[in-house]
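# Survey of secondary and tertiary structure
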Amino acid sequence: MKHRKLTFCALLAAIALAVFVIEAQVPPLVPIPGIKLGLSNAVTLFAICFLGPWQALLIVFVRVLLGALITGQIAALIYSLSGALAAWTVCALLVRYIPQKQLWVVSIFGALTHNTMQILVAALVTQTALIFSYLPVLWISGIITGTFTGLCAQLLLQRLRSILS
Amino acid sequence: MSTKRWILVFFVILLFCTALIFLLQTGSESQIAAVYSDGQIVRTVDLSRPDAYDFPVVTQEGGENIIRVENSAIFVVSASCADKLCIHQGPLSPTGAPIVCLPNRLVIRWQSGNAGVDAISGG
């Protein structure tokens, strides 16, 4: 990776991590596992578009692994990692087909994938199919938060592109 | 696909999910709560009895949830997990949604079917 890209990648990783840790300090709005704003996903999405999917993947790993260490929520790692990787896969694929001005759509699919994957893992770990009853609530949350984070990434890309060109 | 079309798609999904939330709420006839740790049932509690007591559920890694039975309700009073969501989920509600502590892999739910008396119950 060229030096410039590498440096920017590291910078984005640090930002994603900082956003993640700060967001983790905010007490959950609703006592349902998995409902959060997920702002660091905006960074991931931005990275996929601005740097490339593989650089974004590195950022995802840094954010998830170091984030779990810093917040002390190591038990949540399986849920966090599986959700983030599934979301990355979906987003990295969809950006090839969905134009940048509809990035929020990609973000929603990413959010829905993230939540669904987490529930899947939770159901496997607890051996309880009843956990799937949380899916509708999580999807509603995913659509809302996905739109928000997607718009963040989208607007950032638009402004940054016009500044840098 | 146009932006308007996408908005419609997600709006429909939103409506669908809202409907699902209400449809999935099964009033449970059962008065027996089942406590699962790591997918295995560790305790059944007959909530029609007036007993009041606490009991702990521990995981292999030393994670612990303390569960209280009181006034025909069952809920988590103390947990070793980081987010404590299980405590804020309150008592097991008649609508059927389980109480979960994902980090400690704990699930409290209404017992389904006629599982019989092959588990420990009461105090």
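Residues numbered from 1 in each chain as written. Chains lettered and ligands numbered in written order. Predicted model: local features only at pLDDT ≥ 70, side-chain atom pairs only at ≥ 80, totals over all residues. Heavy atoms only, no water.

Further remarks concern the sheet that holds strand β5 (residues 73-79) of chain B. All names here are of chain B. Taken together, three strands build an open sheet; the order of strands is β3-β4-β5 and the sheet is antiparallel. Single-partner strands in this sheet number two, and they are β3 (53-58) and β5. For this sheet the average axis-to-axis angle between neighbouring strands, irrespective of direction, equals 30 degrees. Where strand β4 (residues 64-70) and β5 come together, six bridges link them in antiparallel fashion. Note on β5: the bridge partner recorded for N65 is A79. (Pairing = 2+ DSSP bridges. Helix = DSSP H or I, 4+ residues; strand = E, 2+ residues; numbered from the N terminus. Axes fitted to C-alpha atoms, helices over the stretch in contact; angles between N-to-C directions.)

You'll often see interface size given as the accessible area lost when the parts meet. Tallying the contact residues gives 28 residues for chain B and 28 residues for chain A. In total, about 2500 Å² of surface goes out of reach between chain B and chain A, with carbon and sulfur atoms giving 80% of it. Run the count over chain B and chain A and you get seven residue pairs in polar contact (both at pLDDT 80 or more). Sorting the residues of the side of chain B that touches chain A by element identifies α1 (3-23), α2 (85-88) and β7 (106-110) of chain B as the ones contributing at least two each. (Contact = heavy atoms within 4.5 Å. Buried area = accessible area lost by both parts, 1.4 Å probe. Polar contact = N/O pair within 3.5 Å; in protein donor to acceptor, adjacent residues only side chain to side chain.)

With that settled, consider the layout of surface pockets. The volume enclosed by the second largest pocket comes to roughly 630 Å³. Here the lining of the second largest pocket is built from residues that sort into 13 nonpolar, 13 polar and two charged. (1 Å grid on protein atoms, 1.4 Å probe; cavity = no way out; pocket = protein on both sides within 12 Å on 5 of 7 lines; lining within 4 Å. Points joined across faces, edges and corners; volume = space filled by probe spheres on them. Nonpolar A, V, L, I, M, F, W, Y, C, P; charged D, E, K, R; others polar.)

Glancing now at the packing of aromatic side chains. Scanning the entire structure with this criterion turns up nine aromatic pairs over all chains. On the basis of an interplanar angle of 15 degrees and a centroid distance of 5.8 Å, the ring pair of W6 of chain B and F10 of chain B is categorised as stacked. Here W6 of chain B pairs with F10 of chain B, and both are found in helix α1, just four residues apart, close to one helical turn. An aromatic cluster is built from W104 and F109 of chain A together with W6 and F10 of chain B, whose rings are joined through pairwise contacts. Looking at R43 of chain B, its charged tip hangs above the ring of F55 of chain B, at a distance of 4.3 Å from the centre. (Phe/Tyr/Trp six-rings, centres within 6.5 Å; stacked < 30°, edge-to-face > 60°. Lys NZ or Arg CZ within 6 Å of the ring centre and 35° of its normal.)

This paragraph deals with the pattern of salt bridges. Any two side chains of opposite charge can pair, given that their charged atoms come close. Residues and elements named next belong to chain B. Tallied over the entire structure, the rule returns four salt bridges over all chains. The residue D38 makes a salt bridge to R105 at a minimum N-O spacing of 2.4 Å. A residue pair is termed long-range when its members are at least 10 positions apart, and D38 in the loop between β1 (32-37) and β2 (40-46) and R105 in the loop between β6 (99-101) and β7 qualify at 67 residues. In this structure, R68 engages D54 in a salt bridge whose closest nitrogen and oxygen atoms are separated by 2.8 Å. (Salt bridge = Lys/Arg side-chain N within 4 Å of Asp/Glu carboxyl O.)

This next bit is on the environment of A13 of chain A. Note on placement: A13 of chain A falls in helix α1 (residues 3-25). A sequence separation of 44 residues divides A13 of chain A from L57 of chain A, and the C-alpha atoms of the two residues are 10.0 Å apart.

Attention now moves to the confidence of the model for chain B. Residue and element names in this part refer to chain B. With 91% of its residues at a pLDDT of at least 70, chain B reaches an overall mean of 84. Mean pLDDT in chain B bottoms out at β2, which sits at 88, and peaks at α1, which reaches 94. Within the model, the stretch residues 115-123 combines pLDDT values under 50 with twelve contacts to residues more than four positions away or in other chains. Interface predicted TM-score (ipTM) for the complex: 0.85; the corresponding pTM is 0.87. (pLDDT = per-residue confidence, 0-100.)

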